[in-house]
Structure formats: structure tokens, C-alpha cells
Amino acid sequence: AMALVRMNLRAVTSWVGIARLFAILLSCIAFSLVASTGVYGGPYGTWCMFSWGFCFAVTLLIVLLELFELYPKLPLSWDDFTSAFSMLAALMIFTSSVVFPSVFIGSPCSSSICMRQAAATAISCLCFLAYALEVGLTRAKPGDISSFLSTVPGLLKVFEAYVACLIFSLLDTYDSVPGLQWCVAVYAVCFVITLLIIIFTIGRCLSYIPCPLEKVLVAYNALAMLMYLTAVIIWPFYSFNNRSRPSPCGANCSWNKHLGVTFLTIFNFLAYLVDLVYSTKMVFIRTR
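Since this is a predicted model, take the numbers as computed values, not measurements.

Here is what the cut-offs are and how they apply
Starting from 1, residues in each chain are numbered consecutively following that chain's sequence as written. Thresholds applied to this predicted model are a pLDDT of at least 70 for local features of residues and 80 or more for the giving and counting of side-chain atom pairs; totals over whole chains, interfaces and linings are not thresholded and use all residues. Note that the side-chain values use all heavy atoms of the structure and ignore hydrogens as well as water. The secondary structure listing takes helices from DSSP runs of H or I that are at least 4 residues long and strands from runs of E that are at least 2 residues long, numbered from the N terminus. With C-alpha atoms as the basis for the radius of gyration, the globule rule is written as 2.2 Å multiplied by the number of residues raised to the power 0.38. Here's how the labels work: a residue is buried when its accessible area is under 20% of the maximum for its type, exposed when over 50%, partly exposed in between, all with a 1.4 Å probe on protein chains only. Put simply, two rings from Phe, Tyr or Trp (the six-membered ring, in Trp's case) pair if the centres are within 6.5 Å, and we call them stacked under 30 degrees between planes, edge-to-face over 60, tilted for the rest. To define a nonpolar core, start from buried Ala, Val, Leu, Ile, Met, Phe, Trp, Tyr and Cys residues and group those joined through side-chain atoms within 4.5 Å. An automatic or database domain assignment supplies the start and end points of every domain. Throughout, a contact is declared for two residues whenever any of their heavy atoms are within 4.5 Å. Joining two parts hides part of their accessible area as seen by a 1.4 Å probe, and the buried area is that hidden amount summed over both. Identification of polar contacts relies on pairs of N or O atoms within 3.5 Å, with a donor-acceptor requirement for protein atoms, meaning one able to donate a hydrogen and the other able to accept it, and with residues adjacent in sequence counted only if both atoms are side-chain atoms. As a working rule, the residues Ala, Val, Leu, Ile, Met, Phe, Trp, Tyr, Cys and Pro are called nonpolar, Asp, Glu, Lys and Arg charged, and the rest polar, with Gly in that last group.

## A few points about the overall build of the protein
Consideration 1: When its secondary structure is counted, the protein shows 9 helices and 0 strands.
Consideration 2: Ordered by position from N to C terminus, the α and β elements of the protein give α-α-α-α-α-α-α-α-α.
Consideration 3: Relative to its length of 288 residues, the protein is compact, with a C-alpha radius of gyration of 21 Å against a globular reference of 19 Å.
Consideration 4: If one aligns the C-alpha atoms of the protein with their principal axes, the spans along those axes are about 70 × 60 × 25 Å.
Consideration 5: By residue count, 42% of the 288 residues in the protein fall in the buried class.

Spelled out as C-alpha cells, the structure:
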């Protein structure tokens, strides 16, 4: 039975494999350090613990599937899946590395619990670097479009979907204002279409679409960018028009959340803009 299991040692000896092993180790240490303090209550702590645990589990699964060469049996585009996941993991760990210390670490930091929290933050930052290294190593070279999600537009799709999720987590009061409802519709529509593009790419379903796919993606990027441009203007106008920042304004203050959404909207507008430029270059300059 052992002879049937072929081991592909490149899964752990290549640079990508080494980056993944570091990510597994570091996410496990960050999770364990915070778990040992017992201080991770509330939505922010839960999110950080979920991020470290989820990235640890999926990366370990990826390494094992590659080590035992089981991944070709899966009904998905493996390169697209691993590229999308490493990008998602880098974003999740980066968010946790920023959110966790800002919520849980106070000054002065002298207790043993605070020391462990600070160590967990540092380890989490190193874990982010490991995933960022993997994204850099697996990114497609210019001209290579064999796996769409490892190209710049593909990686941006993961970024756009993730930022939209962050926006949804901050939305609270927008029901009574039609302008803000339009912005929420923009976030939702663009998120759903971008997520479908990612899922269809990983599931190898895009080849069944009966029209020139690259040109459809360019058109979608242009439309999404214009929709986000309206949100960049409308959201802050209706959120802050004749409204000054209340004092005190705590963690759950809606003014702060609206400010967060404003910045995230700008990030996503810029992401769709860069996405449009890159995908236009890939389609119209390559095919000339």
C-alpha cells in the first residue's frame, strides 16, 4: 500500500513550499499565544482567531495535497485556487495584525498577558510576510495567462471581494437615505459578480461562457469602476453632510464606521481602476 503513495518533496522544499511551512508554523503560534491569554472576546477577537485558525488549516491541507500528489484528482483549477487562497490569507492575516493590537493591547504594556499579545502581533506580521512572499512567488509572469487568478487582475479580484466584505462588516445606519442605499447596492452587486468570477475560475466553468471572456471582464471592470466612482462621491456626502464627529466616539460609533467605509470605498475604486488598466493591456495589447 505504501508503494502506491508517491511523495512529491518539492511541495516542502521549493521556495513556495518553504513559505507555506513558515505560514503554517507562524499562524499556529499566533493562535496559540492569544488562546493562552484567554482574552479574545467580542467580534474583533473572534475574527482574528478565526483568521489564524482558518489560514493554518487550509495551508496545511494545501501542503499535504501537494506532498501526496492528490490535488490533480480535485475538480478545480489548482493553480487558481492556491493563488486566490494565498492572496486571501495575506489580506486576512494583515487585517488581524492591525486589528488585534489596536483593540486588545493597551499602554503601558507590562503584564505577562500583554507581552504574549505583543508577541502574537509580531508573529502575525511575520505570517503576513510569509503569505505575501507566496503571492509574489506564484504570481504569473507577464504574458502567462494559464491561471487567471495568479495574474494581477486575478489577485485584484480577491482584494476587491475582501474589501467589500470589510465594508459590509462596517455598515450600520443607511436605511433612511436613498443615496446611501445606492452605495450599498453598488457594494453588493460588485461583490457578488466579482465573487462569481473567482468561483467560476477556480471551478473551471469560465470556458462554458459563450462570449469572448476577456472582453467581458474588461467591460465589467469599467462598469464596476464607474459604479464605485459614484459611491466615492455619494457615500461621504450623505454620511458627513452637516454632521460633525460626536464626542466621545467609541469603537461602535457610527461616524467612525462611516469614515471606515469611505476609505474602503476609495481603496476598492482604485483597485477596480488598476484592474481595468491591467486587463485592458492584457486583452488589447497582447492580441494585437
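That shown, we press on.
## What to know about the packing of aromatic side chains
The geometry of an aromatic ring pair comes down to the distance between the two centres and the angle between the two planes.
Consideration 1: Here the structure, examined in full by the defined rule, presents 16 aromatic pairs.
Consideration 2: Ring plane angle 40° and centroid distance 5.7 Å describe the contact between Trp 78 and Phe 81, whose orientation is recorded as tilted. Residue Trp 78 and its partner Phe 81 are both found in helix α4 (residues 78-104); the two are separated by 3 residues, about one turn of the helix.
Consideration 3: Here Phe 81 falls in the partly exposed class, since its relative accessible area comes to 24%.
Consideration 4: Ring geometry for Phe 85 versus Tyr 131: centroids 6.3 Å apart, planes at 85°, classification edge-to-face. Within this pair, whereas Phe 85 is found in helix α4, its partner Tyr 131 is found in helix α5 (residues 112-138), the two being separated by 46 residues in sequence.

## Quick look at unusual backbone geometry
Consideration 1: The phi torsion at Glu 69 lies on the positive side, around 50°, for a residue other than glycine.
Consideration 2: Within the fold, Glu 69 resides in the loop between α3 (42-67) and α4.
Consideration 3: Phi at Arg 204 takes a positive value of approximately 55°, unusual for a residue other than glycine.
Consideration 4: With respect to the helices and strands, Arg 204 occurs in the loop between α7 (178-202) and α8 (213-240).

## Quick notes on the nonpolar core
Consideration 1: Counting 65 residues, the largest nonpolar core has Trp 52, Tyr 131, Ile 167, Tyr 187, Cys 190, Tyr 228 and Trp 235 as the members making the most contacts within it.
Consideration 2: Where this core is concerned, the elements lending two or more residues are α2 (15-37), α3, α4, α5, α6 (152-170), α7, α8 and α9 (254-285).
Consideration 3: No other element matches the 12 residues that α4 contributes to this core.
Consideration 4: Here this core spans two domains, and each of domain 1 (1-144) and domain 2 (151-287) adds at least three residues to it.
Consideration 5: What Tyr 131 contacts, discounting residues up to four positions off in sequence, is Ala 23, Cys 55, Phe 56, Thr 59, Phe 85, Ser 86, Ala 89, Ala 90 and Ile 93.

## Regarding the domain arrangement of the protein
Quite often, the size of an interface is put as the accessible area lost when its parts meet.
Consideration 1: Partitioning the protein into domains gives domain 1 (1-144) and domain 2 (151-287).
Consideration 2: Distance from the C-alpha centre of domain 1 to the C-alpha centre of domain 2: 25 Å.
Consideration 3: In this assembly, 18 residues from domain 1 lie in contact with 12 residues from domain 2.
Consideration 4: Contact between domain 1 and domain 2 buries roughly 1300 Å² in total, counting both sides, with carbon and sulfur atoms accounting for 74%.
Consideration 5: On the domain 1 side of the contact with domain 2, Met 87, Leu 91 and Arg 139 bury the most area, a combined 29% of that side's loss.
Consideration 6: At the junction of domain 1 with domain 2, the criterion picks out 4 residue pairs in polar contact (both at pLDDT 80 or more).
Consideration 7: Per-element accounting of the side of domain 1 that touches domain 2 gives the leading share, 9 residues, to α4.
Consideration 8: Here the side of domain 1 that touches domain 2 is composed, by residue class, of 12 nonpolar, 3 polar and 3 charged.

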